[in-house]
Amino acid sequence: MEIWINPACSKCRGALSLLDAEGAEYTVRRYLEDAPTEAEIRAVLDRLGLEPWDITRTQEAVAKELGVREWGREAADRERWVAALAAHPQLIQRPIITADDGSAVVARTDEAVRDALSRRPSAP
């Protein structure tokens, strides 16, 4: 399990606390320092079952500068959004947990973190 975080984010810190309390094994990715590639973003979107505009923080200053709220939200627009997320990782909603079963969740609530935890393989 991997969690993409911004250490300054209270939702990220809360998710990490819950993972620790549950004894979860996970890897932390500080995605602002270790920005995901376009391919990694596409893979996470597939795991989430979402589109890039679904995980874009449209209130960020850079989002306003880029004018993302006015961008199209059709299949033909997908790559423009993915490229923006890769170029400006602060636009990515956080935290994102990639679960061990191949799925992922945007873990902004305790329920979402528990959902990711429930996807761990059972201990033998």
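Please refer to the structure higher up on the page.
Residues numbered from 1 in each chain as written. Predicted model: local features only at pLDDT ≥ 70, side-chain atom pairs only at ≥ 80, totals over all residues. Heavy atoms only, no water.

Taken as a whole and assessed by the stated rule, the structure comprises 3 aromatic pairs. Taking 5.8 Å as the distance between ring centres and 70° as the angle between the ring planes, the aromatic pair formed by W53 and W81 counts as edge-to-face. Linking W53 in the loop between α2 (38-48) and α3 (61-66) with W81 in helix α4 (residues 78-87), this pair joins segments that are 28 residues apart in sequence. Taken together, the ring pairs connect W53, W71 and W81 into an aromatic cluster. (Phe/Tyr/Trp six-rings, centres within 6.5 Å; stacked < 30°, edge-to-face > 60°. Helix = DSSP H or I, 4+ residues; strand = E, 2+ residues; numbered from the N terminus.)

Take the sheet that holds strand β3 (residues 96-98) next. Judged by pairing direction, the sheet is mixed, and its 4 strands sit side by side in the order β2-β1-β3-β4 without closing on themselves. On the outer flanks of this sheet lie β2 (27-30) and β4 (104-106), each paired with one strand and no other. On average, each strand axis in the sheet is inclined to that of its neighbour by 20°, with strand direction left out of account. Here 3 bridges tie strand β1 (residues 2-5) to β3, and the two strands are oriented antiparallel to one another. Paired with I3 across the bridge in β3 is I97. (Pairing = 2+ DSSP bridges. Axes fitted to C-alpha atoms, helices over the stretch in contact; angles between N-to-C directions.)

Okay, the environment of M1 next. Relative to the helices and strands, M1 resides in the segment before β1. In the structure, M1 is positioned 76 residues away from D77 in sequence and 30 Å away in space, judged by C-alpha atoms.

Another point: the pattern of salt bridges. Throughout the structure, instances matching the rule amount to 8 salt bridges. Note that R29 and D34 form a salt bridge whose closest N and O atoms lie 3.4 Å from each other. Residue R29 is classed as buried on the basis of its relative accessible area of 8%. A salt bridge links D46 to R78; its shortest N-O distance comes to 3.9 Å. Here D46 is found in helix α2, whereas its partner R78 is found in helix α4, with 32 residues between them in sequence. Overlapping salt bridges bring together R29, D34 and E40 as one network. (Salt bridge = Lys/Arg side-chain N within 4 Å of Asp/Glu carboxyl O. Buried < 20%, exposed > 50% of the residue type's maximum accessible area, 1.4 Å probe, protein only.)

Read these as spatial facts, not as claims about activity.
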